[in-house]
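# An overview of the molecular structure
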Amino acid sequence: MANIRALPLTSLETTSLLFSKRVLVKNTSIISFTETHFLRQSIPTSITRSPTPRGSGSVSCSSVADKASTLEDVCPEVRTLTWNWKGYSIRYQCAGTSGPALVLVHGFGANSDHWRKNTPILGKSYRVYSIDLIGYGYSDKPNPNEFGGEPFYTFETWGEQLNDFCLDVVKDEAFFICNSIGGLVGLQAAVSKPEICRGLMLINISLRMLHIKKQPLIGRPFIRSFQNLLRNTPVGKLFFKSIAKPETVRSILSQCYHDSSQVTDELVEAILRPGLEPGAVDVFLEFICYSGGPLPEDLLPLVKCPVLIAWGEKDPWEPIELGRAYGDFDAVEEFVVLPEAGHCPQDEKPEMVNPLIESFVARHSNSSAALAPGI
């Protein structure tokens with residue numbers, strides 16, 4: 001198993017509560033070659049990869065011509081629907097009617113709108129679904145205090161939701177394309193029901209630096225006290241109220257997006273508006289106080305399907321130097337560096353991420369696409 005070292009406790013980010021110092025992992029040698037790839041949706045895009053012997057590499061992408069404005073008449077319609085899961089209303093979006101199924105899984109504080117630059121484009125070739133995890137977006141947000149003191153907003157809950165979504169809605173195996181904490185959701189789902197997941201693409205997966213196993217001993221009492229303060233006193237709701245504002249959301253997004261010009265009014269509204277719905281504050285506080293559950297390094301050795309890890313090299317929250325160690329796991333066939341991209345490359349650099357998704361899915365689409373009877 002790869003050695004994933006904890007970062008020293010320095011400061012807490014407002015919504016990510018991640019650490020700011022970086023720990024370097026071993027360097028890897030690079031074998032360079034160039035591959036030119038063009039999007040099927042006719043956006044000319046050049047991609048360069050530099051894989052290591054373990055499959056690590058880098059992707060650079062320069063748009064030859066921006067034809068995104070001409071795609072509205074050729075991209076499939078994106079539909080917004082709801083699904084009843086255990087009595088809760090779950091919002092999802094979908095596009096495309098043929099090809100392998102893809103399920104796009106968002107990160108902390110986000111929702112399926114964070115895939116708005118991917119869903120219609122990928123829907124030209126695939127059946128694409130982007131889902132609001134329970135507690136986020138426009139899905140229901142049950143009060144975590146209603147579950148008898150047992151944690152509800154966990155990766156086990158979301159992993160079960162993802163697998164049930166494939167069984168009830170997709171009715172097929174699927175590729176899971178995941179960002180940030182969504183990567184843990186995808187991993188958990190793939191481990192729980194390996195017959196459903198055909199492949200995993202993890203984009204800047206969360207390192208979970210506030211997990212109890214990664215907290216420095218000297219910092220654990222402080223973190224636990226801070227979490228209890230947020231969850232069990234009015235301080236938590238005041239804290240949430242202070243950040244649930246357009247200017248604060250814009251500031252936070254400008255930290256995690258390397259290209260701050262991509263932090264548009266549309267993006268700010270897409271993230272903020274569902275966060276103002278009833279129940280959102282309780283979900284927020286519950287999750288930032290969640291220091292248990294699985295780590296990526298716990299789940300990666302158990303995954304049976306192929307895994308591709310992509311990482312925005314300018315991510316200030318999840319340092320790529322530490323993330324590279326995940327490329328050493330046997331299930332990971334490739335670690336791809338996304339230059340000049342931050343924590344959410346699928347939204348900041350869709351011209352890089354969309355063709356990377358297409359090439360990954362194409363490599364692993366030869367097996368039967370239908371679920372076996374009884375699954």
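Residues numbered from 1 in each chain as written. Predicted model: local features only at pLDDT ≥ 70, side-chain atom pairs only at ≥ 80, totals over all residues. Heavy atoms only, no water.

So, about the pairing of strand β8 (residues 127-131). Here β8 lies mainly inside the structure; five of its five residues are buried. Two strands pair when backbone bridges link them, and strand β6 (residues 88-95) and β8 are joined in this way by four bridges, in the antiparallel orientation. In the strand pairing of β8, Cys 94 is matched with Tyr 129. The sheet contact formed by strand β7 (residues 101-105) and β8 spans five bridges and is parallel. Bridge pairing in β8 places Leu 102 opposite Val 128. (Buried < 20%, exposed > 50% of the residue type's maximum accessible area, 1.4 Å probe, protein only. Helix = DSSP H or I, 4+ residues; strand = E, 2+ residues; numbered from the N terminus. Pairing = 2+ DSSP bridges.)

Counting residues in each nonpolar core, the largest one holds 56 residues, and the members touching the most others are Val 103, Trp 158, Phe 176 and Leu 200. The element contributing the most residues to this core is helix α2 (residues 155-170), with seven residues. Excluding residues that lie within four positions of it along the chain, Trp 158 makes contacts with Leu 133, Ile 134, Tyr 136, Tyr 153, Ile 181, Val 185 and Phe 287. Residues Ile 243, Val 268, Val 281 and Trp 317 belong to the second largest nonpolar core, which totals 24 residues. (Core = buried A, V, L, I, M, F, W, Y, C linked by side-chain atoms within 4.5 Å. Contact = heavy atoms within 4.5 Å.)

Next up on the list: the pairing of strand β9 (residues 174-179). For β9, a buried count of six out of six residues is recorded, marking the element as mostly surrounded by other parts of the structure. Bridge analysis of β9 against strand β10 (residues 197-203) gives six bridges, and the strand direction is parallel. Along β10, the bridge assignment pairs Ile 177 with Met 201. Once the chain exits β9 it traverses helix α3 (residues 181-192) before rejoining the sheet at β10, and the crossover so formed is right-handed. (Right-handed = clockwise from strand over helix to strand, strands pointing away.)

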